[in-house]
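The primary structure of each chain is shown beneath.
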Amino acid sequence: MNFEEILLVSNDSLKVSRIIKTVGDTFKVIVANSDTALEAVVKNPLISGVIYDLSDESDKILHTFVVMRSMHEDLRMIILASTSFMKSLNGGNPDGVFWCFDCLDENAFREKLKEFKYRKVSTSTRMRFVEAVFDSSPVGIAIIPRDDIKRAFINRSFQAITGYNREEFASIGWEALTHPDDQKIDREAKEHQVILGEKHYNLEKRLVRKDGTIAWVGEYMALIEEKEENAVVRLIMIRNIENRKVIEEKLKESDRSRSTLLQNLPGLAYRCANDVNWTMEFVSDGASDLTGYDPQELINNRIISFNDIISRKYRKILLDEWDKVIEKRGVMQYEYEIILKDGTTKWVYERGVPIYDYQGNVLALEGIIIDISRSKKLEKQLQYFSDFNHKLKLPNRELLSTKIQKKLDAGNTLGTIILVNLKDTQRLYRSHGYQYVELLTASLVNKLKTLETNRIILYYLEEDIYVYYAKYRMKDSEIKEFYHSINVAILRTIIREQIRCNVGVAHLSKTSLTSDACFQKARIASEFIRDENRLLNINYYDDAMEKMVKREDDLKKELIETSFDESAGTLRLVFQPIIDLKTGKISSFEALARYKSPKYGHISPLEFIPIVEKNRIIVAFGKKIIELALDFVKKLINSGIKNCPVAINISALQLLDSDFIDDLILRIEKAGVPHNLIMVEVTESIFSANYTQLNASLHELNEFGIKTAIDDFGTGFSSLARIEKMRFNTIKMDRTFIEPLNNETLNYSTVPEVINICKKFNIVSLAEGIETKEQYDILQNLGCQYGQGYYMSRPLEVVDAIKFVKENI
Ligand code: C2E
Ligand code: CA
Ligand code: CA
């Protein structure tokens, strides 16, 4: 299409877009404002017409118009101005050579444009106009008729810029005003004009003002033929371009630094179209280093489009990112991967901005892309180190925790935790060594890993605890199936090694708003074993468990207070008589702890002792029990009963406490009680760990004259070989061996054997839980020395216990 170029001069961007819409398909429109209009005319010699918007009636716009009018006599013009303004200009006649539109009625405007195509403006009208505004123009104008400087007349601006008045100017002449350094280009321009036969030229040069200072001016020099007199009029127009020069200098400086920057950038600077290919208009040299492609290969998608360089999975993301940025008029920043010419990949960081035109359309995108592979690698490594268990090659708790937390924070509670809790590996450390357990663990983890799907991932939570995390809520049937798979995968190993594996299941829920709370629930479920005899168990965290956990939590708080003497509930002791089976008389008591909670009433020691142990307050708690037991002994002594010992149950944690024995002796002595009136019972099971240390403690207690008993004998791991070496005085046969004992089962019972061993090693034998006369008689006949049980007496309150002794001594 052959467009005619026209210049649209307006300071009103709204009007600009309206006019372009109307005439854009008929003309190629070059847009300028009053400041840039003159330059636009000079730079675009093919302009054949001007649409000049005078509607804001500012002086400035009017003056540039006048100047331009006289510079380009061939220009056809449309002037947009208000009717009243045109009247004042044109002797009250708005028609004539100037067309006036105060509003842009599109159809009328199009009609006028047709005329515009062939209409010309007459010189006389133009000159009249020039005169009208000659004196008030901000452009300095000198008109020199017949090119005779003596006849020159200048306007006010000319005088202001140069400092010379009309007479002075006429006497020294134009050439003399030019700065010596610029006289050469001045001459050359003139010669050029003569050689080429041109009527005008433009020049930027320095003037020396009358006061000696220097002024940068843009000079327009024209020779206008005067047809009548066959002579020429010289027209000189000067504009003060000081400000522009200063800005230009600065621009040049920043251009320089920009290009240095671009060349040394560890990456590429670009300007590209906002299209799906990111078609490159400009690419800096850094492209070769960054992508392997030369800038020329990228520009205009010649060899490859930039979009094809971006790794596939980031293409859509980047499109979306740019869309967002363009809408917000913000800055695009993103880290992504690119594919190099040699097929390898690299991490890059891009920072770019959209460039808009005056109408708010995106002209291009500009920015830089730099190589961040090294820092990315480092970052990934660091991330990997903090997020993974390297020995087991499993993602760890931190990673899962963040993942779940993010989800919960977003209000999403779809997810299931299947926690695998391996027990008793501690035991294997001792018997088989560290390395063995490590290998075993790795092999178990590998087996567990085979059950992973793309939606269920295995994580390492802490030693011996692993978690399958499903990012959706698993159905019960699916969990059952999954548990079955765990069973199939690891059962053989755990049977062979006799390790326990308890599986706890919990769903993410609104009641637990931290990832830790979710883990804890699954953990609790896993600890809640229904069947002690099975090596593999599964449990769901449900409402009942929630209640139990709450109860345990409440009790924990109460018991902690109680251990610090700020009694929330009450701790007391009851005393169960231990009978000499030969004589039927009382030989001693066992002290049994009782706790009454303000909230839950009477709590069994089977419930509260483990809570106390778990929360590490057993030492403080144990001291209270010892004090209560000593009180009882003192009461017995005061009642005249001076040879009835009391056995206190001591937990392993107490015995392992380095101060325990010293503290116990101190308390006994402070109470003024003979050492031999206190006995200590410890359960057999504690000897599975810390055997040597515990045995040494027993020995030490014996040295102090304190008798020791091994409680619940038969339920732990003691071998007969060990019994010989263990330093205790009494074996308390566990109730589970006594309960089934009657004359029919006697032949199969191990009770007679245990009694014989006691005799052999000179150990005192004691049977717990005697409930019937039959059991009592059998044990008596077998030669068991002592017995304890409901058959003889239930545990008694202090008063009743004292009464009991008095009756049975
Ligand atoms: P244990 O040391 O084996 O105590 C014997 C338990 O058997 C007591 O239960 C006692 O009431 C019960 N018992 C006694 N005779 C019979 C009987 O003929 N038939 C039946 N079915 N049961 C009988 P209790 O008092 O509930 O204590 C349970 C466990 O709590 C104790 O077992 C002991 O391990 C622990 N415990 C109790 N008091 C203390 C204490 O002061 N400190 C520590 N560390 N543990 C304690
Ligand atoms: Ca006991
Ligand atoms: Ca017992």
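Below you will find a few notes about this structure. (Residues numbered from 1 in each chain as written. Chains lettered and ligands numbered in written order. Predicted model: local features only at pLDDT ≥ 70, side-chain atom pairs only at ≥ 80, totals over all residues. Heavy atoms only, no water.)

## Quick word on the overall build of the chain
Here's step 1: In terms of regular secondary structure, the chain is built from 31 helices and 30 strands.
Here's step 2: Counting over 809 residues, the chain shows a buried share of 45%.
Here's step 3: Intrachain contacts of the chain at a sequence separation of at least 6 include 60% that bridge at least 24 residues.
Here's step 4: A total of about 42300 Å² of accessible surface is found on the chain, and carbon and sulfur atoms cover 51% of it. (Helix = DSSP H or I, 4+ residues; strand = E, 2+ residues; numbered from the N terminus. Buried < 20%, exposed > 50% of the residue type's maximum accessible area, 1.4 Å probe, protein only. Contact = heavy atoms within 4.5 Å. Areas by Shrake-Rupley, 256 points an atom, 1.4 Å probe, with all protein chains shown as cover.)

## Let's talk about the coordination of the calcium ion (ligand 3)
Here's step 1: Donor atoms from the polypeptide that bind the calcium ion (ligand 3) are Asp 711 (OD), Asp 712 (OD), Glu 768 (OE) and Glu 768 (OE), placed at 2.1 to 2.4 Å.
Here's step 2: Mapped onto the polypeptide sequence, the residues donating to the calcium ion (ligand 3) form the spacing pattern D-D-x55-E.
Here's step 3: Between the two metal centres, the calcium ion (ligand 3) and the calcium ion (ligand 2), the spacing is 4.2 Å, with Asp 711 acting as a shared donor. Highlighted residues: Asp 711 in strand S27 (residues 707–713) and Glu 768 in the loop between strand S29 (764–767) and helix H30 (773–782), separated in sequence by 57 residues. (Donors = N, O, S within 2.8 Å, 3.2 Å for Na, K, Ca; no water.)

## Brief notes about the coordination of the calcium ion (ligand 2)
Tetrahedral coordination by four donors places them ideally at 109.5 degrees to one another around the metal; octahedral coordination by six donors ideally gives 90 or 180 degrees.
Here's step 1: Surrounding the calcium ion (ligand 2) are the protein donor atoms Glu 590 (OE), Asn 649 (OD1), Glu 681 (OE) and Asp 711 (OD), at 2.1 to 2.3 Å.
Here's step 2: Residue classification places Asn 649 among the partly exposed positions, given a relative accessible area of 29%.
Here's step 3: The class of Asp 711 is buried, set by a relative accessible area of 5%.

## So, the sheet that holds strand S17 (residues 416–423)
What links the strands of a sheet is backbone hydrogen bonding, and the strands pair in either a parallel or an antiparallel sense.
Here's step 1: A sheet is described by the order of its strands in space; here 5 strands give the open sequence S18-S19-S17-S20-S21, paired in mixed fashion. Each having just a single partner strand, strand S18 (456–462) and strand S21 (536–540) make up the two edges of the open sheet. Ignoring which end each strand starts from, the neighbouring axes of this sheet average 20 degrees apart. (Pairing = 2+ DSSP bridges. Axes fitted to C-alpha atoms, helices over the stretch in contact; angles between N-to-C directions.)

## Here we look at the site of ligand 1
Here's step 1: Taken together, the neighbourhood of ligand 1 is formed by 21 residues, with Gln 576, Arg 594, Asp 711, Glu 771 and Tyr 790 sitting nearest.
Here's step 2: Within the side chain of Glu 590, one N or O atom sits 3.1 Å away from an oxygen atom of ligand 1.
Here's step 3: Asn 649 is positioned such that a nitrogen or oxygen atom in its side chain is 3.1 Å from an oxygen atom of ligand 1.
Here's step 4: Contact with the protein chains hides 86% of the accessible area of ligand 1, taken as 790 Å² for the molecule alone.
Here's step 5: Breaking the shell around ligand 1 down by element, the ones donating at least two residues are strand S23 (586–597), helix H22 (605–614) and S27.
Here's step 6: Its residues assigned to classes, the shell around ligand 1 comprises 9 nonpolar, 5 polar and 7 charged. (Near = heavy atom within 4 Å. Polar contact = N/O pair within 3.5 Å; in protein donor to acceptor, adjacent residues only side chain to side chain. Nonpolar A, V, L, I, M, F, W, Y, C, P; charged D, E, K, R; others polar.)

## Details of the nonpolar core
Here's step 1: Counting 77 residues, the largest nonpolar core has Phe 589, Ile 731 and Leu 779 as the members making the most contacts within it.
Here's step 2: Considering every element that reaches this core, the biggest residue donor is helix H23 (residues 618–638), with 9 residues.
Here's step 3: Residue contacts for Ile 731: discarding those within four places in its chain leaves Ile 710, Phe 713, Ile 723, Val 754, Cys 758, Ile 763, Val 764, Ser 765 and Leu 766.
Here's step 4: Formed by 32 residues, the second largest nonpolar core is a distinct cluster that contains Leu 394, Leu 428, Ala 470 and Leu 535. (Core = buried A, V, L, I, M, F, W, Y, C linked by side-chain atoms within 4.5 Å.)

## A few points about the sheet that holds strand S13 (residues 345–356)
Here's step 1: Here we have 5 strands laid out as an open sheet, ordered S11-S10-S14-S13-S12, and antiparallel in their pairing. Across the chains shown, the open sheet's two edge strands, defined by having one partner strand only, are strand S11 (280–283) and strand S12 (332–339). Across the sheet, the mean angle separating the axes of adjacent strands is 25 degrees when strand polarity is ignored.
Here's step 2: The pairing of strand S10 (residues 267–272) with S11 spans 3 bridges and is antiparallel.

## With respect to the side chain of Asp 663
Here's step 1: Position of Asp 663 among the secondary structure elements: in helix H25 (residues 660–670).
Here's step 2: By relative accessible area, which is 16% here, Asp 663 ends up buried.
Here's step 3: For Asp 663, the side chain forms a polar contact with the side chain of Arg 667, separated by 2.7 Å.

## Structural notes on the pairing of S27
Here's step 1: Counting buried residues in S27 gives 5 out of 7 residues, a clear majority hidden from the surface.
Here's step 2: A crossover connection joins strand S26 (residues 678–683) to the parallel S27 through helix H26 (residues 691–703); in handedness this β-α-β unit is right-handed.
Here's step 3: The pairing of S27 with strand S28 (residues 730–733) spans 3 bridges and is parallel. Paired with Ile 710 across the bridge in S28 is Ile 731. (Right-handed = clockwise from strand over helix to strand, strands pointing away.)

## Overview of helix H21 (residues 543–563)
Here's step 1: With 21 residues, H21 should cover 30 Å at 1.5 Å per step; its first-to-last C-alpha distance of 30 Å lies within 8% of that length.
Here's step 2: Listing the buried residues of H21 in full gives Met 545, Asp 554, Leu 555, Glu 558, Leu 559, Thr 562 and Ser 563.
Here's step 3: Count one or two residues on from H21 and you reach Asp 565, which has phi positive near 80 degrees. (Expected span 1.5 Å × (residues − 1).)

## Considering the environment of Gly 787
Here's step 1: In this fold, Gly 787 is placed in strand S30 (residues 786–787).
Here's step 2: If sequence neighbours within four positions are ignored, Gly 787 has contacts with Pro 577, Ile 578, Ile 579, Leu 581, Ala 767, Ile 770 and Met 792.

## Topic: the packing of aromatic side chains
Here's step 1: For the coordinates displayed, the defined rule picks out 15 aromatic pairs.
Here's step 2: Centre to centre, the rings of Trp 278 and Trp 322 are 6.2 Å apart; their planes meet at 45 degrees, and the pair counts as tilted. With Trp 278 in the loop between S10 and S11 and Trp 322 in helix H14 (residues 312–328), this pair connects stretches of sequence that are 44 residues apart. Grouping residues by exposure puts Trp 278 and Trp 322 together as buried. (Phe/Tyr/Trp six-rings, centres within 6.5 Å; stacked < 30°, edge-to-face > 60°.)

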